[in-house]
Amino acid sequence: EDKVVQSPLSLVVHEGDTVTLNCSYEVTNFRSLLWYKQEKKAPTFLFMLTSSGIEKKSGRLSSILDKKELFSILNITATQTGDSAIYLCALANNAGNMLTFGGGTRLMVKP
Amino acid sequence: DTAVSQTPKYLVTQMGNDKSIKCEQNLGHDTMYWYKQDSKKFLKIMFSYNNKELIINETVPNRFSPKSPDKAHLNLHINSLELGDSAVYFCASSRRQQLNEKLFFGSGTQLSVL
């Protein structure tokens with residue numbers, strides 16, 4: 001049933017490092033792929049990707065979708081301790097009324 | 001001015017009890033959801049309501065009964081709680097059903113069944 005698989009499960013880096021988080025999926029028919037950041041409680045929206053090969057960027061975070069190879073990556077450059085969180089990837093179905101989440105990557109950034 | 005608020009934040013109870021979690025959103029959104037996050041951090045949709053009507057019910061045991069008195073509220077009642085119900089339950093909302101990508105989550109209710 002694991003249609004959305006994230007790797008690595010967890011990652012520990014030092015401030016200033018660059019990290020790449022992976023999200024691979026099996027479904028070929030979907031509306032969009034989303035990334036969320038979950039710190040202590042509620043997941044908060046980061047990116048929504050609908051087209052293959054177009055990078056979305058927000059500050060030190062960027063993400064891209066590869067619909068041919070069925071994966072997405074989330075890059076964080078110059079990591080800071082505030083980036084420590086669980087990063088969740090999710091697929092939205094075609095109807096746009098359901099999200100299927102991956103199990104998340106737990107990122108810890110040490111000072 | 002919290003957008004999606006759910007109560008309580010923590011709930012510790014015995015097996016067999018009945019409990020409710022309340023959720024309210026002040027965003028004027030049409031669609032509300034309940035998600036369950038297990039110990040492995042998988043977030044899975046349980047229910048989706050659009051303008052008080054049930055849209056999605058994802059093979060959740062009928063011990064779980066959502067109730068939406070109006071489109072700003074979606075409560076979750078759980079009967080005969082079991083150990084496996086222990087999880088974090090998140091309420092969420094989106095402007096409309098087809099925009100569930102733009103989900104706003106509540107801060108979660110951590111349920112522990114002893």
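Coordinates for the structure precede this section.
Residues numbered from 1 in each chain as written. Chains lettered and ligands numbered in written order. Predicted model: local features only at pLDDT ≥ 70, side-chain atom pairs only at ≥ 80, totals over all residues. Heavy atoms only, no water.

Trainee: Any chance you could explain the overall build of chain A here in plain terms?
Mentor: Scanning chain A from terminus to terminus reveals zero helices and 11 strands. The order of helices and strands in chain A, counted from the N terminus, is β-β-β-β-β-β-β-β-β-β-β. Over its C-alpha trace chain A gives a radius of gyration of 13 Å, about what one expects of a compact globule, namely 13 Å for 111 residues. Seen along its three principal axes, the alpha-carbon backbone of chain A occupies a region of about 40 × 25 × 20 Å. Counting every position in chain A, which comprises 111 residues, the buried fraction comes to 42%. Partitioning the intrachain contacts of chain A with sequence separation of at least 6 by distance along the chain shows that 54% fall at a separation of at least 24. Taking the average location of the 12 positive side-chain charges in chain A and that of its 10 negative ones, the two points are 6 Å from each other. (Helix = DSSP H or I, 4+ residues; strand = E, 2+ residues; numbered from the N terminus. Rg over C-alpha atoms; globule rule 2.2 N^0.38 Å. Buried < 20%, exposed > 50% of the residue type's maximum accessible area, 1.4 Å probe, protein only. Contact = heavy atoms within 4.5 Å. Lys, Arg positive; Asp, Glu negative; His and termini not counted. Charge placed at Lys NZ, Arg CZ, Asp CG, Glu CD.)

Trainee: It is not clear to me how the overall build of chain B should be interpreted in this structure. Could you clarify?
Mentor: For chain B, the helix and strand inventory stands at zero helices and 11 strands. Written out in order from the N terminus, the α and β elements of chain B read β-β-β-β-β-β-β-β-β-β-β. Computed over C-alpha atoms, the radius of gyration of chain B comes to 13 Å, within 12% of the 13 Å expected from 2.2 N^0.38 for 114 residues, which places it in the range of a compact globule. Projected onto its principal axes, the C-alpha coordinates of chain B cover approximately 35 × 30 × 25 Å. Relative to its full complement of 114 residues, chain B shows a buried share of 46%. Partitioning the contacts of chain B with sequence separation of at least 6, the portion at a separation of at least 24 is 55%. With the model as given, the accessible surface of chain B reaches about 5,600 Å², and the carbon-plus-sulfur share is 48%. (Areas by Shrake-Rupley, 256 points an atom, 1.4 Å probe, with all protein chains shown as cover.)

Trainee: Would you take a moment to explain the sheet that holds strand 7 (residues 64-70) of chain B for this structure?
Mentor: The strands that make up a sheet are held in pairs by hydrogen bonds between backbone atoms, and each pair lies either parallel or antiparallel. Residue and element names in this part refer to chain B. Read from one edge of the open sheet, four strands run 1-3-8-7, paired in antiparallel fashion. Each edge of the sheet is formed by a strand with only one pairing partner; in this case those strands are strand 1 (4-7) and strand 7. Averaged over all adjacent pairs, the angle separating strand axes in this sheet is 15°, with direction ignored. Of the pairings in the sheet, the one linking strand 1 to strand 3 (residues 19-25) comprises four bridges and is antiparallel in character. By the bridge assignment, Thr7 is partnered in strand 3 with Lys22. (Pairing = 2+ DSSP bridges. Axes fitted to C-alpha atoms, helices over the stretch in contact; angles between N-to-C directions.)

Trainee: Would you mind showing me how to read the interface of chain B and chain A here?
Mentor: A common way to report how large an interface is uses the accessible area buried once the components associate. Each partner contributes residues to the interface: chain B has 25 residues there, and chain A has 24 residues. Overall, the association of chain B and chain A removes approximately 2,000 Å² of surface from exposure, summing both partners, and the carbon and sulfur fraction of that is 56%. Inspection of the region where chain B meets chain A yields zero salt bridges. At the surface where chain B touches chain A, the tally comes to one residue pair in polar contact (both at pLDDT 80 or more). Listed by contribution, the elements that provide at least two residues to the side of chain B that touches chain A are strand 4 (31-37), strand 5 (43-50) and strand 6 (53-57) of chain B. Each residue belonging to the side of chain B that touches chain A can be placed in one class, and the counts come to 12 nonpolar, seven polar and six charged. (Buried area = accessible area lost by both parts, 1.4 Å probe. Salt bridge = Lys/Arg side-chain N within 4 Å of Asp/Glu carboxyl O. Polar contact = N/O pair within 3.5 Å; in protein donor to acceptor, adjacent residues only side chain to side chain. Nonpolar A, V, L, I, M, F, W, Y, C, P; charged D, E, K, R; others polar.)

Trainee: For this particular structure, what's the right way to read the nonpolar core?
Mentor: Soluble globular proteins: nonpolar side chains tend toward being buried together. Leu33, Trp35, Tyr87 and Leu107 of chain A are the most contacted members of the largest nonpolar core, which has 21 residues in total. Of all the secondary-structure elements, those providing two or more residues to this core are strand 3 (19-25), strand 4 (32-38), strand 5 (43-49), strand 7 (61-66), strand 8 (71-76), strand 9 (85-92) and strand 11 (105-110) of chain A. Those residues within four positions of Leu33 of chain A in sequence are excluded, and the remaining contacts are Cys23, Tyr25, Phe47, Met48, Leu49, Leu65, Ser72, Cys89, Ala90 and Leu91 of chain A. Listed in part, the 20 residues of the second largest apolar core include Cys23, Phe47, Val60 and Ile78 of chain B. (Core = buried A, V, L, I, M, F, W, Y, C linked by side-chain atoms within 4.5 Å.)

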